[in-house]
Amino acid sequence: MAGQQTDFYAVLGVSRDASPEEIKKAYRRLARQLHPDVNPDEEERFKEVTKAYEVLSDPQKREMHDLGGDPFSTGGGFGSGFGFSDIMDAFFGAGGGASRGPRPRQRRGQDALIRVDLELSETTFGVTRELQVDTAVTCPTCNGGGASPGSSPRTCDICRGRGEVQQVTRSFLGQVMTSRPCAACQGFGTVIPDPCHECGGDGRVRSRRSLKVKIPPGVDTGTRIQLTGEGESGPGGGPPGDLFVEIVERSHPLFRRQGDDLHCTVQVPMTAAALGTTVTLETLDGPRPVTLRPGVQSGQTEILTDLGVTHLRSAGRGELVVHVEVVTPTRLDPEQEELLRKLAALRGEDGPDVGQLTGHQQGFFNRLRDAFNQR
Ligand SMILES: [Zn+2]
Ligand SMILES: [Zn+2]
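Just so you know, these numbers come straight off a predicted model, no measurement behind them.

Calculation rules
Residues numbered from 1 in each chain as written. Chains lettered and ligands numbered in written order. Predicted model: local features only at pLDDT ≥ 70, side-chain atom pairs only at ≥ 80, totals over all residues. Heavy atoms only, no water. Helix = DSSP H or I, 4+ residues; strand = E, 2+ residues; numbered from the N terminus. Buried < 20%, exposed > 50% of the residue type's maximum accessible area, 1.4 Å probe, protein only. Contact = heavy atoms within 4.5 Å. Areas by Shrake-Rupley, 256 points an atom, 1.4 Å probe, with all protein chains shown as cover. Axes fitted to C-alpha atoms, helices over the stretch in contact; angles between N-to-C directions. Parallel < 35°, antiparallel > 145°, perpendicular 65-115°, else oblique. Nonpolar A, V, L, I, M, F, W, Y, C, P; charged D, E, K, R; others polar. Core = buried A, V, L, I, M, F, W, Y, C linked by side-chain atoms within 4.5 Å. pLDDT = per-residue confidence, 0-100. Donors = N, O, S within 2.8 Å, 3.2 Å for Na, K, Ca; no water. Tetrahedral: all angles 85-135°; square planar, octahedral: opposite > 155°, others 65-115°. Phe/Tyr/Trp six-rings, centres within 6.5 Å; stacked < 30°, edge-to-face > 60°. Salt bridge = Lys/Arg side-chain N within 4 Å of Asp/Glu carboxyl O.

An account of the overall build of the protein chain is needed here, citing residue identities and associated values.
Secondary structure summary: the protein chain contains nine helices and 15 strands in total. Going through the 375 residues of the protein chain one by one, you find that 35% of them count as buried. Considering only contacts within the protein chain whose residues lie at least 6 apart along the sequence, 63% involve residues at least 24 apart. Only carbon and sulfur atoms are counted for the fraction: they give 50% of the accessible area of the protein chain, which is about 23,000 Å².

Structure below.
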């Protein structure tokens, strides 16, 4: 910034020893001449003039400027007295200096969202659902135009079709011109003298319709399916938004879903676990045999490939993970107890201290013990 500092005195066209009154006067004259409502091409110069005034009207900032410093580089540069933004607001309204004009009656409609509950089998294999959709649709009576049949919108008398009205207000800077959306036509620039009786002039009415939606296999809770142009119709006959169908998957009594894998638990009696067995499992694809090797333990898993949920974005399916839970018999009758005692004796498991302490990282502890024993 230093070295190419703007000479704010030159910007306002005043001498370096101008009095505060002279500075204010010069600014008023320039501001009226350069104000964007009068002179839209001069907005940049107007801002520069305003910046110059902000500095030169503040004794502290003026001194800094005279000494060659940058009054905008220090903290609180906009803080004292009134700020630059206050001045801009006074001229442009809070919305800033963007050029306005009549806003179109025709606008794009909003997107709509509906949720649909699906069973696990439906998210796995996909399903076609008939949904009841409640959205705004283009009014059939006026075709979205908003005027009752035979009539048509006409130019607003108040703003003469500009959609905004200019207002002159007095301020400490003198007369200031601001513009606001026209209240008579809500900024449209046109009024509808005889609004359509069906939609009240909005150009759309609410309607319930049924829509067939094809839901692909592999969706999950939170998946959104986008149906282009099936959302709310726009006001004034504008194009419709999109409809999003959000999936909510109901929980399944037997299968837990993790990504595209399914998990379930199979309980087997202790004797079957010791001898090995085959369990017929009712999967989403029908009954499937699961073979458990003799000696299978609680917590072991059997993996059935391609019986999980279909991948949404790639080929194939997840797996079905079967967790084994070995069930110890309870309520033994005398004969069963006798047999079990015999078995325990045969296996040398009938004394005390047949249980043993193990770490939960059993593999690690075994390897450690083996390493010690080998030394
Ligand atoms: Zn209508
Ligand atoms: Zn108007």
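Before we move on, can you summarise the packing of helix 3 (residues 43–56) against helix 4 (residues 59–66) with the specific residues and values?
At a minimum axis distance of 6 Å, the contact between helix 3 and helix 4 shows a crossing angle of 105°. In terms of orientation, helix 3 and helix 4 fall into the roughly perpendicular class. Contact residues: E54, V55 and L56 in helix 3; K61, R62 and H65 in helix 4. Here the residues of the contact of helix 3 with helix 4 are counted per class, giving two nonpolar, one polar and three charged.

Let's hear about the nonpolar core: which residues, and what values?
Among the nonpolar cores identified, the biggest contains 19 residues, and L281 and L320 are the most heavily contacted of them. Elements that contribute at least two residues to this core include exactly strand 11 (261–269), strand 12 (277–283), strand 13 (286–292) and strand 15 (320–327). By residue number, the principal contributor to this core is strand 11, which donates four residues. Apart from residues no more than four positions distant in its own chain, L281 is found in contact with C264, V266, G286, P287, R288, V290, L304, L320 and V322. Counting 18 residues, the second-largest nonpolar core is a separate cluster that includes L12, A18, Y27 and V55.

Tell me about the confidence of the model for the protein chain, and please be specific about residues and values.
Averaged over all residues, the pLDDT of the protein chain equals 86, while 86% of them reach at least 70. Long-range and interchain partners of residues 74–86, a stretch whose pLDDT sits below 50, account for 19 contacts in this model, where long-range means more than four residues apart. This stretch, residues 92–99, has a pLDDT under 50; its non-local contacts, to residues over four places away or in other chains, come to seven contacts.

I'd like a description of the coordination of the zinc ion (ligand 1), backed by residues and values.
Protein-derived ligands of the zinc ion (ligand 1) are C139 (SG), C142 (SG), C196 (SG) and C199 (SG), with the metal-ligand distances lying across 2.3 Å. Geometry at the zinc ion (ligand 1) is tetrahedral, judged from its four donor atoms and the angles of 103 to 116° they form at the metal. One chain supplies every donor to the zinc ion (ligand 1), and in sequence these donors are spaced C-x2-C-x53-C-x2-C. Just as C139 is buried, C142 falls in that class too.

Which residues make up the packing of aromatic side chains, and what are the values?
What describes a pair of aromatic rings is the distance from one ring centre to the other and the angle between the planes of the rings. Across all of its chains, the model carries one aromatic pair by this definition. Ring geometry for Y27 versus Y53: centroids 4.4 Å apart, planes at 5°, classification stacked. Placement of the pair is Y27 in helix 2 (residues 20–34) and Y53 in helix 3, with a sequence separation of 26 residues. Look at Y27 and you get buried, because its relative accessible area is 0%.

Quick one: what's the story with unusual backbone geometry, residue by residue and with numbers?
Not every positive phi belongs to a glycine, and Q186 is a case in point at roughly 55°. Structurally, the position occupied by Q186 is in the loop between strand 5 (174–181) and strand 6 (190–191). A residue is classified by how much of its surface remains accessible, and Q186, at 48% relative accessible area, is partly exposed.

Tell me about the coordination of the zinc ion (ligand 2), and please be specific about residues and values.
Distances from the zinc ion (ligand 2) to its protein donors, C156 (SG), C159 (SG), C182 (SG) and C185 (SG), fall at 2.2 to 2.3 Å. Classification of the site at the zinc ion (ligand 2) rests on its four donor atoms, whose angles at the metal span 103 to 117°, yielding the label tetrahedral. In primary-sequence terms, the residues that donate to the zinc ion (ligand 2) follow C-x2-C-x22-C-x2-C.

Requested: an account of the pattern of salt bridges, with residues and values cited.
Enumeration according to the criterion identifies 22 salt bridges in this entry. Taking the shortest distance from any N to any O, the salt bridge between E122 and R129 comes out at 3.3 Å. Among the charged side chains, a network of salt bridges with common partners joins D220, E249, R257 and D260.

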